[in-house]
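Observations on the model geometry
Below, each chain spelled out in residue letters.
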Amino acid sequence: MREFVRRHRGKLIAGNTIVVAAFLISGAVSTAPQATLFFTPYGEDTIAPGAAVSLDVNVSAAVPVNAFDVVIAYPADMLEIIGTSEESSFLDLWPHREEHAVKDGVAEMHFTAGVFGRDGMIGTGTALTLNLRAKKTGTAEITFRDVQITASDGRGTEVEAASRSFVYTIRERGTGT
């Protein structure tokens, strides 16, 4: 065996290098996000205290997806959710509509939803519309937490998900830029 290793050492090292490189490349490909959650405002990102605005929760999926379990977080002293709408949503199954909680000044809204009787959604679509009211001046970042998205593969396979936050600047009307 030692003689075999000594004679074929160069080939074994080259072969192992190729195997390791292939493993690293395949790992890099499989960790790329297959779905991204992001917010799209209906208007400007600067609003006045007391103003009501709408913000879409959107999904962009590179693979067919059909179930979502999402927590949206925002500063409780800056914003409040005054309502939601599924009117423009591609989702049609809502087993867990909304659950609101506030902890340490951070408000959270949790929803679970899915696509029923179809092959899932691929591309970009609106999951939910949030109707918000600004409470006081400052900067309010809305983020996603605890995101779980499953593929429409019949097995409930979780897909790699990314998310992008959104920031509202809340200031009195007529104040500078």
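Up top is the structure these notes are about.
Residue numbering note: each chain is counted from 1, following its sequence as written. Totals for whole chains, interfaces and linings use all residues, but because this is a predicted model, local features are given only for residues with pLDDT of at least 70 and pairs of side-chain atoms are given and counted only at 80 or more. Side-chain calculation: all heavy atoms of the structure are included, whereas hydrogens and water are not.

Counting its secondary structure elements, the protein contains two helices and 10 strands. The contact definition used throughout considers only heavy atoms, calling two residues in contact when any of these lie within 4.5 Å. In the protein, 77% of the contacts between residues at least 6 apart in sequence involve partners at least 24 apart. For the protein, the accessible area works out to roughly 10400 Å², and carbon and sulfur atoms hold 53% of it. Helix numbers and strand numbers start at the N terminus; a helix is a DSSP run of H or I with at least 4 residues, a strand a run of E with at least 2. Only the protein chains shown count as cover for residues, with accessible areas throughout obtained via the Shrake-Rupley method and a probe of 1.4 Å.

Turning to the pairing of strand β10 (residues 166–170), a few remarks are in order. With burial as the criterion, only one face of β10 is covered, namely that bearing Phe166, Tyr168 and Ile170; the residues Val167 and Thr169 on the opposite face remain uncovered. Two strands are counted as paired when DSSP detects at least two bridges linking them. Two strands pair when backbone bridges link them, and strand β2 (residues 46–47) and β10 are joined in this way by two bridges, in the parallel orientation. Across the sheet, residue Ile47 finds its bridge partner in β10, namely Ile170. Here strand β8 (residues 138–151) pairs with β10 via five bridges, running antiparallel. Accessibility here uses a 1.4 Å probe with only protein chains present; expressed as a share of the type maximum, an area under 20% marks a residue as buried, one over 50% as exposed, and anything in between as partly exposed.

Here the focus is the side chain of Asp56. Within the element layout of this structure, Asp56 appears in strand β3 (residues 52–75). Think of it this way: Lys and Arg go in the positive column, Asp and Glu in the negative one, and His and the chain ends go nowhere. A pair is scored as a salt bridge if a Lys or Arg side-chain nitrogen falls within 4 Å of a carboxyl oxygen belonging to Asp or Glu. We note that Asp56 is buried and unpaired, the nearest opposite charge coming from Arg164 at a distance of 12 Å. Identification of polar contacts relies on pairs of N or O atoms within 3.5 Å, with a donor-acceptor requirement for protein atoms, meaning one able to donate a hydrogen and the other able to accept it, and with residues adjacent in sequence counted only if both atoms are side-chain atoms. Engagement of the side chain of Asp56 in a polar contact is seen with the side chain of Tyr42, the distance being 3.0 Å. In contact with Asp56, not counting residues within four places along its chain, are Phe38, Phe39, Thr40, Tyr42, Thr126, Leu128 and Thr129.

With seven bridges joining them, strand β5 (residues 93–103) and strand β6 (residues 106–114) adopt antiparallel strand pairing. When the bridges of β6 are listed, Ala101 appears paired with Glu108. Linking β5 back to β6 in an antiparallel pair, the connection comprises two residues, with Asp104 at a positive phi of about 55 degrees.

Further remarks concern the nonpolar core. Ranked by internal contacts, the top residues of the largest apolar core, which has 42 residues, are Phe39, Val57, Ile72, Leu79, Leu130, Ile142 and Tyr168. With 10 residues, the single largest contributor to this core is β3. Residues contacting Leu79, with those up to four places away along its chain left out, are Tyr74, Arg133, Ala134, Lys135, Ala140, Ile142, Tyr168 and Ile170. Definition of nonpolar core: a set of buried residues of the types Ala, Val, Leu, Ile, Met, Phe, Trp, Tyr and Cys, connected through side-chain atoms within 4.5 Å.

Take the environment of Ala62 next. Position of Ala62 among the secondary structure elements: in strand β3. Sequence separation between Ala62 and Ala35 is 27 residues, and the spatial gap between their C-alpha atoms is 6.1 Å. Sequence-distant contacts of Ala62, that is, excluding residues within four places in its chain, are made with Gln34 and Ile122.

What follows concerns the environment of Ser88. Counting through the fold element by element, Ser88 comes out in the loop between β4 (79–85) and β5. Under the relative-accessibility criterion, Ser88 is labelled partly exposed at 46%. Sequence separation between Ser88 and Thr126 is 38 residues, and the spatial gap between their C-alpha atoms is 6.4 Å.

Working definition: a ring pair exists when centres of Phe, Tyr or Trp rings (six-membered ring for Trp) sit within 6.5 Å. Plane angles under 30 degrees give stacked, over 60 give edge-to-face, the rest tilted. The final tally for this structure, using the stated rule, is four aromatic pairs. Geometrically, the ring pair formed by Phe68 and Phe90 is edge-to-face, given 5.8 Å between the ring centres and 70 degrees between the ring planes. Here Phe68, found in strand β3, pairs with Phe90, found in the loop between β4 and β5; they are 22 residues apart in sequence, far enough to count as distant. Judged on exposure class, the residue Phe68 and its partner Phe90 are both buried. A ring pair is formed by Phe166 and Tyr168, whose centres lie 4.9 Å apart and whose planes are at 80 degrees; its orientation type is edge-to-face. The class of Phe166 is buried, set by a relative accessible area of 14%.

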